Amino acid sequence: MGQFEGFIGVNFWTALFVLLNTLAIFFVARKYLFGPVHKMITDRQKEIDGMYEDAGKAKEEAENRAQEYAQKLSEAQATSERLVKEAVERGQHREEEIVRQANEEATAILDKAAHDVQREKKKAVNDAKNEISSMAVAIAEKIVGRELNEKDQQRMVDEFISELGDKT
């Protein structure tokens, strides 16, 4: 053993001392270095896991909000389409009402015009009758040479008008 020790140069007591020193350093490092480092790594891992969890929640919330937004947008589009449709229908009903009122007014104007024409026609006929009767009385007075009374005058006018009516 002596030659072996000399050849390698390992002393048993030195090796034992180195081993004991290494074990002492290991236990001290384990207590004061590995524990805090392990705790720090564990805390950091928890913090990272929390960040991932928060990010997942934020992503899920963003997706929910996106779905809500899409739903509200589709509801808004449906509402706007409904409002436009209702406005168009109201416009069509209003248009029909205006056309109906215009037709009624035109009909009323035409009826009034026809009535006015009829009244003017009657007035013209009556004026013509009066003029003709005045002329007939004047002619009759000159022919007869005397003034006619009201009764005779009316009888002659009626005969003259009836003769005119038969000719037309």
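See the structure shown above.
Residues numbered from 1 in each chain as written. Predicted model: local features only at pLDDT ≥ 70, side-chain atom pairs only at ≥ 80, totals over all residues. Heavy atoms only, no water.

Enquirer: Break down the overall build of the protein chain for me, citing the residues and quoting the values.
Expert: Counting its secondary structure elements, the protein chain contains three helices and zero strands. Across the protein chain, helices and strands are ordered from the amino to the carboxyl terminus as α-α-α. Expressed as a percentage of the 168 residues in the protein chain, the buried residues total 4%. (Helix = DSSP H or I, 4+ residues; strand = E, 2+ residues; numbered from the N terminus. Buried < 20%, exposed > 50% of the residue type's maximum accessible area, 1.4 Å probe, protein only.)

Enquirer: Explain the packing of aromatic side chains residue by residue, including any values.
Expert: Scanning all chains against the criterion turns up three aromatic pairs. Plain terms: the ring middles of Phe26 and Phe27 are 5.6 Å apart, the flat faces sit at 65 degrees to each other, and that makes the pair edge-to-face. Overall, Phe26 belongs to the partly exposed group, its relative accessible area being 39%. (Phe/Tyr/Trp six-rings, centres within 6.5 Å; stacked < 30°, edge-to-face > 60°.)

Enquirer: Just give me the short version of the pattern of salt bridges, but keep the residues and values in it.
Expert: When their charged atoms lie close together, side chains carrying opposite charge are able to pair. Per the counting criterion, the structure on display carries nine salt bridges. Its salt-bridge partner being Glu53, residue Lys57 comes within 3.4 Å of it at the nearest N-O pair. With Lys57 and Glu53 both in helix α2 (residues 12-144) and four residues apart, this pair spans about one turn of that helix. Accessibility expressed as a relative area gives 48% for Glu53, which makes it partly exposed. Connected through salt bridges with shared partners, the residues Glu97, Arg100 and Glu104 form a single ionic network. (Salt bridge = Lys/Arg side-chain N within 4 Å of Asp/Glu carboxyl O.)

Enquirer: So what about a nonpolar patch on the surface? Which residues, and what values?
Expert: Among the surface-exposed residues, Leu19, Leu20, Leu23, Phe26, Phe27, Leu33, Phe34, Val37, Met40 and Ile41 lie close enough to one another that they form a single nonpolar patch of about 950 Å² accessible area. Within the fold, Leu20 resides in helix α2. (Patch = residues over 30% accessible without salt bridge, like charges linked within 9 Å, V, L, I, M, F, W, Y side chains within 5 Å. Areas by Shrake-Rupley, 256 points an atom, 1.4 Å probe, with all protein chains shown as cover.)

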